[in-house]
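Residue-level structure breakdown
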Amino acid sequence: MELTNITGLRGEVTIPGDKSISHRCIMFGSIAKGITEIHNFLEGADCLATINCFRRLGIDIQQNGDVITVHGNGLHGLRAPNDILDVGNSGTTTRLISGILAGQPFDCKLSGDHSLNSRPMKRIIDPLTEMGANISSILRNGCAPLYIAKGKLHGIHYESPVASAQVKSCILLAGLYADGETSVTEPSLSRNHTELMLKEFGADLRTAHELDSTRATAYIRPCEELYGQKITVPGDISSAAYFIAAGLIVPDSEILIKNTGINPTRAGILKVCEDMGGDITLLNERIEGGERIADILVRTSKLHGTTIEGDIIPTLIDEIPIIAVMAAVAEGTTVIRDASELKVKETDRIETVTDNLAAMGCRVTPTFDGMIIDGGRPLNGATIHTLLDHRIAMAFSIAALIAEGNTNILDSHCVDVSYPAFYDTFEQLL
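This write-up is about the structure you can find in this document.

Okay, the sheet that holds strand β23 (residues 407-409) next. As summarised here, the arrangement of the 3 strands in space is β1-β23-β22, forming an open sheet in which the pairing is mixed. Bordering the open sheet on either side are β1 (2-3) and β22 (383-384), each of which pairs with just one other strand. In this sheet, β23 lies alongside β22 in parallel orientation, the contact comprising 2 bridges. Counterpart to Ile 384 in the pairing with β23 is Ile 409.

Written out as structure tokens, the structure is:
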């Protein structure tokens, strides 16, 4: 994809359904009793991998546009697959489905593409093993492919060393099949879609914050059944982030982003934009299905540098590439730290972000857990190496809109992982 600079992005866009919530709708609907009807489902490659996995596990899932109907077989209604479960590039699919499979009375294997099979899985293997699961890395390197054999699970209390919604969700889902209460404590609260949605499906789940710290604990007890639901998936704020950034940094722009999820455990980017001086207004705020939703109005702003660290990091970890692009435009220095989790995403995003920003002429220094960006200098068009990372492709497509000259986004088709219509959406604003 070749892009050049523009001015005057104006209009309104509706963002595809939230990726994290779309995954969970399929999974929870599959192990619930009855029908789950899902509207505004994200038809990205990752979420389609989740559908394909549960079809192989014996679940009837029907698609009609962005409406998905899941005919759940109940907590104990999955069937042994007749082949390896292909999780594609989806870390969410891999880690969450492992928690469900750990409690099944059959054996199975799951594997993904080269990128997925290099991502760390020991973070779920260890707590699941502690629960009594028979789960192992087939290549004995702590990564997929994984082999999960039938086992009897017991409840545990797990102190997670990282604030990770995928780790937390994996353990809580395994807890549905355990012989007693299971709990997970995080150093700070990660995205909580699993807790909110499992409650909607009828799970016996509660949460608590420690009064004297940021630590958060979720508790789950086994129940007889979950029950199918009707769900409308809010727009994905991680996808909205690119249009938020475009509205802030492209001259003479005003963009209204409709029906976007603003769950506080996901919406750290809004706080960062505010701290950088961004002109952002939330309109039509409401709660649907336990999730906060709003329309987001964004206008061109003069941004300044800031420091991004600590407990806010889990609420914006996927948005750091586009935040780094905004920091390159902002006056002054932006420091991002406490974000070592970036190293184990689809790429090492500390490296891919800093290398591509440097290629565009930005003064940027990678650190062991983030980066330092000296902003305010003009960016130049460049060849962007995405390394097939969808968030790198989308972030640097926005950078291209304010860079001098042409920018070539290599392997731009990787946006299909989370936002297949990403480039088409911009046509609505020109």
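Still more to cover.
Attention now moves to the nonpolar core. With 73 residues, the main nonpolar core has Ile 257, Ile 398 and Phe 422 as its most contacted residues. When near neighbours in sequence (up to four residues on either side) are disregarded, Ile 398 contacts Tyr 242, Ala 245, Ala 246, Ile 249, Ile 322, Phe 422 and Phe 426. By size, the runner-up hydrophobic cluster in this structure holds 66 residues, among which are Phe 28, Leu 116, Ile 171 and Tyr 177.

Attention now goes to the sheet that holds strand β11 (residues 182-186). As a general point, the strands of a sheet are linked pairwise by backbone hydrogen bonds and lie either parallel or antiparallel. One open sheet accounts for 4 strands, arranged β10-β11-β13-β12; its pairing is mixed. Single-partner strands in this sheet number two, and they are β10 (157-159) and β12 (204-209). Across the sheet, the mean angle separating the axes of adjacent strands is 15° when strand polarity is ignored. Docked against the sheet, helix α5 (residues 165-175) engages β10, β11, β12 and β13 (216-221), running at close to 170° with respect to β11. Those strands touched by helix α6 (residues 193-201) are β12 and β13, and its axis lies near 145° from that of β12.

Calculation notes
Residues numbered from 1 in each chain as written. Predicted model: local features only at pLDDT ≥ 70, side-chain atom pairs only at ≥ 80, totals over all residues. Heavy atoms only, no water. Pairing = 2+ DSSP bridges. Helix = DSSP H or I, 4+ residues; strand = E, 2+ residues; numbered from the N terminus. Core = buried A, V, L, I, M, F, W, Y, C linked by side-chain atoms within 4.5 Å. Buried < 20%, exposed > 50% of the residue type's maximum accessible area, 1.4 Å probe, protein only. Contact = heavy atoms within 4.5 Å. Axes fitted to C-alpha atoms, helices over the stretch in contact; angles between N-to-C directions.

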